[in-house]
Amino acid sequence: MVDETFNDVAALSDKAASPPPPENIPGSPGSPSPEPENPPVELAALQQELAELKKSLRGILTQETLSGTEQIRRELQSTAAQRDQLHGELKLLQRSNQLQKLASGSGFNDVEFLDFLLQKHQIDPDDNTGATRFLQEFKAANPRYFSLPLKPGSGSRPGTNLHNGVSELPHGANRMAALESMLAGAPEIF
């Protein structure tokens, strides 16, 4: 019983202690709308603040757009530079390949020297007629730069008479036949 009385007293004191619901809170239903003190001044200030916010937002968006555009421009420039560099490397590889073909086809020993000669005489290695004509003229004047077309062999045929030198060859007609047999196995020069 004491507990029930205590609970009833506590419930009554809570109701008495709570303030009545406010009736004149601005923005609540049923409350009269407050009259602004200086409506044109506040409205003008708000409009000015709104205009400033719009300007700053445009500035931020413009900067972000410009920075994005600038980034794209830089990427485009680096890509173009890479493209140009790779194009140059491709040209060098194609020239090197053409020089290698030209040198191997004509029997020229030094590809780098051939490149130097063609540049010096302003001959394009892709021009087969001009390059082969130049190489034929150069070969006639400087045969030391060209490989000799030799047939492989040791100079003698296996299983034939081995001679230690010309002094051991027989004299007369037999000597000439022995020399001819030695020369028959010698490498050929074209």
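In this report, we go over the structure that sits alongside the text. (Residues numbered from 1 in each chain as written. Predicted model: local features only at pLDDT ≥ 70, side-chain atom pairs only at ≥ 80, totals over all residues. Heavy atoms only, no water.)

As for the overall build of the protein
Within the protein, the regular secondary structure consists of five helices and zero strands. The linear arrangement of helices and strands in the protein, starting from the amino end, is α-α-α-α-α. Across the 190 residues of the protein, 12% fall into the buried class. A separation of at least 24 residues holds for 52% of the contacts in the protein among residues at least 6 apart in sequence. Of the roughly 16100 Å² of accessible surface on the protein, 57% is carried by carbon and sulfur atoms. (Helix = DSSP H or I, 4+ residues; strand = E, 2+ residues; numbered from the N terminus. Buried < 20%, exposed > 50% of the residue type's maximum accessible area, 1.4 Å probe, protein only. Contact = heavy atoms within 4.5 Å. Areas by Shrake-Rupley, 256 points an atom, 1.4 Å probe, with all protein chains shown as cover.)

Observations concerning the pattern of salt bridges
Going through the model one piece at a time under the given rule, you end up with four salt bridges. As a salt-bridge pair, Arg-83 and Asp-84 come within 3.1 Å of each other at their nearest N and O atoms. With a relative accessible area of 53%, Arg-83 lands in the exposed category. When its relative accessible area of 47% is taken as the criterion, Asp-84 is described as partly exposed. Of the charged contacts in the structure, one is a salt bridge between Asp-115 and Arg-95, with a shortest N-O distance of 2.7 Å. Of the two residues, Asp-115 is situated in helix H3 (residues 111–120) and Arg-95 in helix H2 (residues 39–106); the sequence distance between them amounts to 20 residues. (Salt bridge = Lys/Arg side-chain N within 4 Å of Asp/Glu carboxyl O.)

Re the packing of H3 against helix H4 (residues 128–141)
Where H3 contacts H4, the axes come no closer than 12 Å and their chain directions differ by 110°. Classified by the angle between their axes, H3 and H4 sit roughly perpendicular to one another. Remark: the crossing between H3 and H4 carries right-handed chirality. For the pair formed by H3 and H4, the contact residues are Phe-113, Leu-114, Leu-117 and Leu-118 on the first element and Phe-134, Leu-135 and Phe-138 on the second. Here the residues of the contact of H3 with H4 sort into seven nonpolar, no polar and no charged. (Axes fitted to C-alpha atoms, helices over the stretch in contact; angles between N-to-C directions. Parallel < 35°, antiparallel > 145°, perpendicular 65-115°, else oblique. Left-handed = near helix turned anticlockwise from the far one by under 90°. Nonpolar A, V, L, I, M, F, W, Y, C, P; charged D, E, K, R; others polar.)

Things to note about the packing of aromatic side chains
With the rule as written, the count across this model stands at 10 aromatic pairs. Where Phe-108 meets Phe-113, the ring centres are 6.2 Å apart and the plane angle is 15°; that geometry is what we call stacked. When its relative accessible area of 5% is taken as the criterion, Phe-108 is described as buried. Exposure remark for Phe-113: the relative accessible area of 23% places this residue in the partly exposed category. Centre to centre, the rings of Phe-108 and Tyr-145 are 6.2 Å apart; their planes meet at 15°, and the pair counts as stacked. Linking Phe-108 in the loop between H2 and H3 with Tyr-145 in the loop between H4 and helix H5 (173–184), this pair joins segments that are 37 residues apart in sequence. Here Tyr-145 falls in the partly exposed class, since its relative accessible area comes to 25%. Joined through ring pairs, the aromatic side chains of Phe-108, Phe-113, Phe-116, Phe-134, Phe-138, Tyr-145 and Phe-146 make up one cluster. (Phe/Tyr/Trp six-rings, centres within 6.5 Å; stacked < 30°, edge-to-face > 60°.)

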